[in-house]
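# Results of the structural survey
Below, each chain spelled out in residue letters.
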Amino acid sequence: MNENLFASFAAPSMMGLPIVVLIVMFPSILFPTPNRLINNRLISIQQWLIQLTSKQMLAIHNQKGRTWALMLMSLILFIGSTNLLGLLPHSFTPTTQLSMNLGMAIPLWAGTVITGFRYKTKASLAHFLPQGTPLPLIPMLVVIETISLFIQPMALAVRLTANITAGHLLIHLIGGATLALINISATTAFITFIILILLTILEFAVALIQAYVFTLLVSLYLHDNT
Amino acid sequence: MASPACFSSFSVPVKEKKLMEVKLGELPGWILMRDFTPKGIAGAFQRGYYRYYNKYINVKKGGVAGISMVLAAYVLFNYCRSYKELKHERLRKYH
């Protein structure tokens with residue numbers, strides 16, 4: 001049982017070919033490009049959702065921060081669609097791989113920090129020392145603030161990986177438990193099944209929320225630095 | 001025998017003999033005459049994509065069927081991909 005539990009998180013390869021690339025590119029097929037003024041239903045729904053999300057997300061940014069609009073919107077679309085597709089049976093979720101989440105988090109965070117240092121050097125350095133600290137505490141506080149700055153990309157990546165992986169693992173475990181309990185006691189199996197349904201609803205929410213949190217935090221780091 | 005790849009918004013134009021019109025004796029010759037260059041294969045994928053898109057999604061009153069067929073095919077693809085590991089979870093006495 002142990003090997004089976006984690007086998008679904010291994011990078012998929014068919015006959016030695018890494019088809020993980022195909023699986024990562026698959027969500028892009030589900031978002032067609034709008035060609036006309038009035039599009040078909042799928043594109044209209046997606047346009048409405050993107051408008052809703054972008055208005056909400058870009059409200060706090062100034063002119064400079066709004067140049068990141070395309071980046072933030074494609075980020076939330078990618079993470080959201082990848083997480084939701086991972087809830088289908090037997091599918092592979094790329095966001096369970098720490099390597100991919102680090103690859104998303106580190107460049108985006110570094111971009112915000114470097115932007116801050118280029119255009120508002122004094123203000124960016126001032127973030128390392130909160131206002132009104134007593135004089136003896138200053139060296140220790142600078143060290144603490146530096147550590148908390150460098151932990152931001154790690155936290156972004158590990159948060160996403162851990163949440164999605166934990167959710168998938170729980171679904172596997174509780175589903176297996178339900179199947180094993182059917183022969184032993186039908187009532188317990190039924191209760192476990194109800195738990196499974198609730199968990200699946202939670203996972204749908206988590207898929208979307210994690211995408212939102214990731215993007216929101218990146219935009220927050222951006223807001224600090226523009 | 002190459003078909004144009006610039007038709008996302010109207011039906012696929014018939015430029016070469018389709019598979020159903022080829023006689024059985026001509027089949028090996030027809031297969032050999034197909035364009036197997038990377039450009040040809042990309043063209044085949046593009047034509048297949050737009051055929052599906054224009055039939056099920058790019059219509060006035062598209063429903064949930066268009067996208068659910070794609071998701072069902074995705075589930076099936078992943079099932080076939082991981083069959084080797086799933087084989088061991090069948091309810092059999094001897095695996």
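For the structure itself, consult the block above.
The notes below deal with the structure included here.

Rules behind the numbers
By convention here, each chain's residues receive numbers from 1 onward along its written sequence. Labels follow written order: the first chain is A, the first ligand is 1, and so on. Local features in this predicted model are restricted to residues of pLDDT 70 or higher, and side-chain atom pairs are both shown and tallied only at a pLDDT of 80 or more, whereas totals for entire chains, interfaces and linings draw on every residue. By convention in this description, side-chain values take in all heavy atoms of the structure and omit both hydrogens and water. Helix numbers and strand numbers start at the N terminus; a helix is a DSSP run of H or I with at least 4 residues, a strand a run of E with at least 2. Throughout this description, buried means an accessible area under 20% of the type-specific maximum (1.4 Å probe, protein chains only), exposed means over 50%, and partly exposed covers the range between. Here, two residues are considered to be in contact whenever any of their heavy atoms come within 4.5 Å of each other. For every accessible area listed, the method is Shrake-Rupley and the probe measures 1.4 Å; residues are considered covered only by the protein chains on display. Here the positive residues are Lys and Arg and the negative ones are Asp and Glu; neither His nor the chain ends is included. By convention, the point assigned to a charge is CZ for Arg, NZ for Lys, CD for Glu and CG for Asp. Think of a 1 Å grid over the protein atoms and nothing else: a 1.4 Å probe that fits but is trapped marks a cavity, an open set flanked by protein within 12 Å on at least five of seven lines marks a pocket, and residues with an atom within 4 Å of a point count as lining. Grid points are joined across faces, edges and corners, and a volume is the space filled by probe spheres set on the points. Each residue is assigned to one class: nonpolar for Ala, Val, Leu, Ile, Met, Phe, Trp, Tyr, Cys and Pro, charged for Asp, Glu, Lys and Arg, and polar for all the others, Gly among them. Any two rings among Phe, Tyr and Trp, with Trp reduced to its six-membered ring, count as a pair given centres within 6.5 Å; such a pair is stacked if its planes are under 30 degrees apart, edge-to-face if over 60, and tilted if neither. A ring has a charge above it when a Lys NZ or an Arg CZ is no more than 6 Å from the ring centre and no more than 35 degrees off the ring normal.

## Structural notes on the overall build of chain B
Summing up its helical and strand segments, chain B has four helices and zero strands in all. The N-to-C order of helical and strand elements in chain B reads α-α-α-α. Taking all 95 residues of chain B together, the buried fraction comes to 19%. Pairs at least 24 apart in sequence give 29% of the contacts found in chain B among residues at least 6 apart. Carbon and sulfur atoms make up 66% of the accessible area of chain B, which totals about 7,700 Å².

## Side note on the overall build of chain A
A count of helices and strands for chain A gives eight helices and two strands. Along the first, second and third principal axes, the C-alpha atoms of chain A reach 70 × 55 × 40 Å. Considering chain A as a whole, with its 226 residues, one finds that 37% of them fall into the buried category. When contacts within chain A are restricted to residue pairs at least 6 apart in sequence, those whose partners lie at least 24 apart make up 69%. By element, 74% of the accessible surface of chain A is carried by carbon and sulfur atoms, the whole surface being about 13,200 Å². Counting 9 positive and 4 negative side-chain charges, chain A places the averaged centre of each group 23 Å from the other.

## Quick word on the layout of surface pockets
The method is simple in principle: a probe with the dimensions of a water molecule rolls over the atoms, and the space it marks as empty is what remains. The volume enclosed by the second largest pocket comes to roughly 830 Å³. Of all the secondary-structure elements, those providing two or more residues to the lining of the second largest pocket are α3 (41-57), α4 (69-85) and α8 (186-225) of chain A together with α3 (65-81) of chain B. A per-class count over the lining of the second largest pocket returns 22 nonpolar, five polar and no charged.

## Structural notes on the packing of aromatic side chains
A full pass over the atoms with the stated rule returns six aromatic pairs over all chains. Centroid distance Tyr49 of chain B to Tyr50 of chain B: 5.1 Å. Interplanar angle 70 degrees. Geometry classified as edge-to-face. Residue Tyr49 of chain B is classed as partly exposed on the basis of its relative accessible area of 32%. The exposure class of Tyr50 of chain B is buried, given its relative accessible area of 18%. On the basis of an interplanar angle of 5 degrees and a centroid distance of 5.8 Å, the ring pair of Tyr49 of chain B and Tyr53 of chain B is categorised as stacked. Here Tyr53 of chain B and Tyr49 of chain B lie together in helix α2 (residues 38-57), a separation of four residues that amounts to about one turn. Tyr53 of chain B gets classed as buried once you look at its relative accessible area, which sits at 6%. By way of ring pairs, the aromatic residues Tyr49, Tyr50 and Tyr53 of chain B are connected into one cluster. Cation over ring: Lys64 of chain A sits above Tyr119 of chain A, and NZ or CZ is 4.1 Å from the ring centre.

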